[in-house]
Amino acid sequence: MLDPRAGHRPTIVYRPIRPSDLEVLEQIHAALFPVRYEREFFFNVVNGHGIISWAAVDISRPDGRNDELIGFVTMRIMPAKESEIEHLLRYNASRNDQILVYILTLGVVERYRNLGIATSLVQEVIKYSSSIPNCRAVYLHVIAYNQPAINFYKKMLFKLVRRLPKFYYIQGQHYDSYLFVYYVNGGQSPCSPLEIMAAVAAYFRGFFRMLSAKLWRNGEKNLPRWSKCKETSSLLVTQNKRFLGPENAKC
Ligand SMILES: CC(C)(COP(=O)(O)OP(=O)(O)OC[C@H]1O[C@@H](n2cnc3c(N)ncnc32)[C@H](O)[C@@H]1OP(=O)(O)O)[C@@H](O)C(=O)NCCC(=O)NCCS
C-alpha cells in the first residue's frame, strides 16, 4: 500500500473536480462520512452545477494513478439573507447582494493525512471567497465528535460560534454540531448583547471616574497642605487604572 510518509514523497497538485472523478469522489465520500449523499449531489459536484470544488491529486504516485483524487473540498454560494448565520454578520442588511460560502464536504484520504492537504484546500476556499467583494464569510458545520476536524478548523482560525443541539440525525440517532465561521471582506460578527452591556458599563465607569477626578481638583484648593499630598497619591493610583471611553468600546 502506498504510504507517503514512508519513503514516497508526494507531489500534490490542486485542480477543479471533473466528470471523470465521479466514481472515486463517491467512493471517498462513502468511506469518510457517516452521512450518505444522493447521486445527484455527486453529479452536481463533477459538473459544477451550483457547487464549486477543488481536488488534490498526487502526480508522483508510483502506481501511476496520478490523476486520482486523494482530497477534495466542495462548497456552495449562498445569499446571506437565506443563511442561518445572517444575524452573525455585521453588514448593511438593506443590501441584497451579500453572499456567503458554505463548505459542504472536505476530506483527505487517510494515508495522505497530516501533510497539509486540507490546509491548502481550505486556503483556496478562503482565497476564492475573499476575491468576491460581496462575500462576507465562509461557514460550515462539524459533527460534535469529530475532534480532528474541530482542531483543524480552529487551527485555520475559523471561529466556533455555536453548538447546535441535535443538528444531525444519522441512523436513528441525534448528534450535535458546531458551527464554524471565517469572516472575509470585513464581514465581522456583530457585538453580542453581553459585549454591548460590557462596553456601556466601561463607558460609564470611565465617565464617573473622570467626574470624581474633576470634582476633587476643584476642591483641592481648599485642602490643608498635608491632606493635599495624601490625596495626590491616591489620585495617581486612580489614573493608573485603565480608562475606557467610547473609542475603546470595541467588541
Ligand atoms: C479533517 C481532515 C480533512 C484534515 O485533513 P489533513 O489533510 O490531515 O489536515 P492538515 O494536514 O492540513 O492539517 C492538520 C491539522 O488538522 C488537525 N488534525 C488533523 N488530524 C487530527 C487528529 N487525528 N487529531 C487531532 N487533530 C487533527 C490538527 O490541527 C492538525 O494540525 P497539527 O498537525 O499542527 O496538529 C481529515 O482528517 C479528514 O479528511 N477527515 C475525515 C473527513 C472529515 O472529517 N472532514 C471534515 C468535516 S466536513
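What counts, and where the lines are drawn
Residues numbered from 1 in each chain as written. Predicted model: local features only at pLDDT ≥ 70, side-chain atom pairs only at ≥ 80, totals over all residues. Helix = DSSP H or I, 4+ residues; strand = E, 2+ residues; numbered from the N terminus. Buried ≥ 20, exposed ≤ 12 C-beta atoms within 10 Å, placed from the backbone. Contact = placed C-beta atoms within 7 Å. Pairing = 2+ DSSP bridges. Core = buried A, V, L, I, M, F, W, Y, C linked by C-beta atoms within 7 Å. pLDDT = per-residue confidence, 0-100. Near = placed C-beta within 6 Å. Axes fitted to C-alpha atoms, helices over the stretch in contact; angles between N-to-C directions.

Topic: the overall build of the protein chain
Along the backbone of the protein chain there are 6 helices and 7 strands. Across the 251 residues in the protein chain, those meeting the buried criterion constitute 21%. Long-range contacts, defined as pairs at least 24 residues apart, comprise 67% of the intrachain contacts of the protein chain with a sequence gap of at least 6.

Some points on the pairing of strand β2 (residues 52-58)
With 6 of 7 residues buried, β2 lies mostly within the body of the structure. Looking at chain direction, strand β1 (residues 12-15) and β2 are connected through 4 bridges and run antiparallel. Residue Ile 12 lies in a different strand from β2, and its bridge partner there is Asp 58. Sheet topology note: the β2/strand β3 (residues 69-79) ladder contains 6 bridges and is antiparallel. When the bridges of β3 are listed, Ala 56 appears paired with Gly 71.

Section: the nonpolar core
Grouped together as the largest cluster of nonpolar side chains are 42 residues, with contacts concentrated most on Phe 72, Val 73, Leu 121, Val 125, Ala 137, Val 138 and Phe 180. Secondary-structure elements contributing two or more residues to this core are α1 (22-32), α2 (39-47), β2, β3, β4 (99-108), α3 (117-130), β5 (135-143) and β7 (173-183). If you tally residues by element for this core, the top one is β5, at 6 residues. Residue contacts for Phe 180: discarding those within four places in its chain leaves Tyr 139, Leu 140, Val 142, Tyr 153, Phe 158, Lys 159 and Leu 160.

Section: the confidence of the model for the protein chain
Here the protein chain averages 81 in pLDDT, and 71% of its residues register 70 or above. Note on residues 223-251: pLDDT under 50 across the span, and 24 contacts to partners over four residues away in sequence or across chains.

Things to note about the site of the ligand
Near the ligand you find 20 residues, and of these Arg 113, Ala 118, Thr 119, Pro 148 and Asn 151 are the closest. At the level of secondary structure, the elements contributing two or more residues to the shell around the ligand comprise β4, α3 and α4 (147-155).

Re the pairing of β3
By the bridge criterion, 9 bridges tie β3 to β4 in an arrangement that is antiparallel. Residue pairing for β4: Thr 74 is matched across the bridge by Thr 105.

Section: the environment of Gln 123
Tracing the chain through its elements places Gln 123 in helix α3. Taking the C-alpha atoms as reference, Gln 123 lies 8.5 Å from Met 156; in sequence the two are 33 residues apart.

Structural notes on the sheet that holds β4
One open sheet holds the 7 strands; their spatial order is β1-β2-β3-β4-β5-β7-β6, and the pairing between them is mixed. Taken across any chain shown, the strands that pair with only one partner, and hence form the sheet edges, are β1 and β6 (159-170). Here the strands of the sheet are splayed against their neighbours by 25 degrees on average, with no regard to which way each runs. Both β6 and β7 contribute to a ladder of 8 bridges, which runs antiparallel. Within β7, the residue paired with Leu 160 across the bridge is Phe 180.

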